[in-house]
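Examining the three-dimensional arrangement
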Amino acid sequence: MKKYISEMIGTMVLVLMGCGSAVFAGSMTGTVGAGVGTVGVALAFGLSVVAMAYAIGGISGCHINPAITLGVFLTGRMNGKDAGMYMLFQVIGAIIGSAILFALVSTGAHDGPTATGSNSFGDGEMLQAFIAEAVFTFIFVLVVLGATDSKKGAGNLAGLAIGLTLVLVHIVCIPITGTSVNPARSIAPALFEGGEALSQLWLFIIAPFVGAALSAAVWNYLGDKK
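Residues numbered from 1 in each chain as written. Predicted model: local features only at pLDDT ≥ 70, side-chain atom pairs only at ≥ 80, totals over all residues. Heavy atoms only, no water.

With an unreviewed UniProt entry as reference, the protein chain is termed MIP family channel protein, source organism Bacteroides difficilis. Taken from UniProt, the Subcellular location (unreviewed entry) comment for the protein chain reads in full: "Cell membrane". The protein chain has a UniProt comment under Sequence similarities (unreviewed entry) that states "Belongs to the MIP/aquaporin (TC 1.A.8) family." (UniProt positions renumbered as here; feature names shortened; annotations may be inferred.)

See the structure below:
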């Protein structure tokens, strides 16, 4: 149970800090010195992963992302029961993080660009969004699988490598979809946002899983001892 709780806490922190940066500091028009922009939001997500990797990595491996859990499962590093429980607690943690953000937005002044940090795509941009989410999840999960490999991995530097990769992915993908590459991160804000975010949620679940499955297949080949 400790590893499941760790995944819940880690995902809560990721959503609270990552989506929170978009909600409160993404861009504040007319406010001098305020607003961190795309790079700032990207750093918030990446640094959240780095922080949690060194906080709970030794307990659960710090997946805090169902797509990563799928990749780990498909490479034979965990069983189906653990994979399912990881995903469940990741979603619960994400919902807790979004609930905190919702409470903060609802109880104070807020004039930022988004109220929840939910993902979305514009009219006629569904294919672009699907390709982006699948490809960037593929890259991200491939780095995770490689960096955490018991023999070929980066050891204690894995958390830093993974966090920086997430920063890189966000810098490119934020203008396209707001960047998901993480179904739990998308599910929770969409539940609070409703409307279009909820109707488009399927893409931010399926595309990252497709990318994760592809990365697992590639790593099973690249990491093969033969």
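The number of helices and strands found in the protein chain is nine helices and zero strands. Seen in sequence order, the protein chain has helices and strands lined up from the N terminus as α-α-α-α-α-α-α-α-α. Against the 2.2 N^0.38 benchmark of 17 Å for 226 residues, the protein chain shows a C-alpha radius of gyration of 17 Å, consistent with a compact globule. Counting only C-alpha atoms, the protein chain reaches 60 × 40 × 30 Å along its principal axes. (Helix = DSSP H or I, 4+ residues; strand = E, 2+ residues; numbered from the N terminus. Rg over C-alpha atoms; globule rule 2.2 N^0.38 Å.)

In this section: the nonpolar core. In terms of nonpolar packing, the biggest core is built from 43 residues, with Ile-64 and Phe-140 touching the most fellow members. Of all elements in the fold, only helix H1 (2–25), helix H2 (37–60), helix H3 (66–74), helix H4 (80–106), helix H5 (126–147), helix H6 (158–177), helix H7 (183–193) and helix H9 (201–222) reach the threshold of two or more residues within this core. With six residues, the next largest nonpolar core counts Phe-121, Ala-129, Leu-203 and Ala-207 among its residues. (Core = buried A, V, L, I, M, F, W, Y, C linked by side-chain atoms within 4.5 Å. Buried < 20%, exposed > 50% of the residue type's maximum accessible area, 1.4 Å probe, protein only.)

Further remarks concern the packing of aromatic side chains. If you walk through the whole model with that rule in mind, you get four aromatic pairs. Between Phe-102 and Phe-192 the ring centres are 5.4 Å apart and the planes differ by 35°, which places this aromatic pair in the tilted class. A residue pair is termed long-range when its members are at least 10 positions apart, and Phe-102 in helix H4 and Phe-192 in helix H7 qualify at 90 residues. With relative accessibility at 30%, the residue Phe-192 sits in the partly exposed group. (Phe/Tyr/Trp six-rings, centres within 6.5 Å; stacked < 30°, edge-to-face > 60°.)

A few words now on the packing of H4 against H7. Their axes nearest at 8 Å, the elements H4 and H7 cross at an angle of 40°. On the basis of the axis angle, H4 is oblique to H7. Every pair of crossing elements has a handedness; the one defined by H4 and H7 is right-handed. Judged by residue contacts, Gln-90, Val-91, Ala-94, Ile-95, Ser-98, Ala-99 and Phe-102 of H4 engage Ala-184, Ile-187, Ala-188, Pro-189, Leu-191 and Phe-192 from H7. For the contact of H4 with H7, the class distribution of residues is eleven nonpolar, two polar and no charged. (Axes fitted to C-alpha atoms, helices over the stretch in contact; angles between N-to-C directions. Parallel < 35°, antiparallel > 145°, perpendicular 65-115°, else oblique. Left-handed = near helix turned anticlockwise from the far one by under 90°. Contact = heavy atoms within 4.5 Å. Nonpolar A, V, L, I, M, F, W, Y, C, P; charged D, E, K, R; others polar.)

A cluster of nonpolar side chains, Val-39, Leu-43, Leu-47, Ile-171 and Val-172, forms an exposed patch at the surface whose accessible area comes to about 410 Å². Looking at the nonpolar patch, the elements with two or more residues in it are H2 and H6. It is H2 that contributes the most residues to the nonpolar patch, three residues altogether. Mapped onto the secondary structure, Ile-171 falls in helix H6. (Patch = residues over 30% accessible without salt bridge, like charges linked within 9 Å, V, L, I, M, F, W, Y side chains within 5 Å. Areas by Shrake-Rupley, 256 points an atom, 1.4 Å probe, with all protein chains shown as cover. Salt bridge = Lys/Arg side-chain N within 4 Å of Asp/Glu carboxyl O.)

Below, the discussion takes up the pattern of salt bridges. Overall, the coordinates contain two salt bridges when judged by the stated rule. One salt bridge in this structure joins Lys-3 and Asp-82, with 3.0 Å as the shortest N-O distance. Of this pair, Lys-3 sits in helix H1 while Asp-82 sits in helix H4, and the two are 79 residues apart along the sequence. Where Arg-77 meets Asp-149, a salt bridge forms, and the shortest distance between an N and an O atom there is 3.6 Å. Taken together, the residues Arg-77 in the loop between H3 and H4 and Asp-149 in the loop between H5 and H6 connect sequence positions 72 residues apart.

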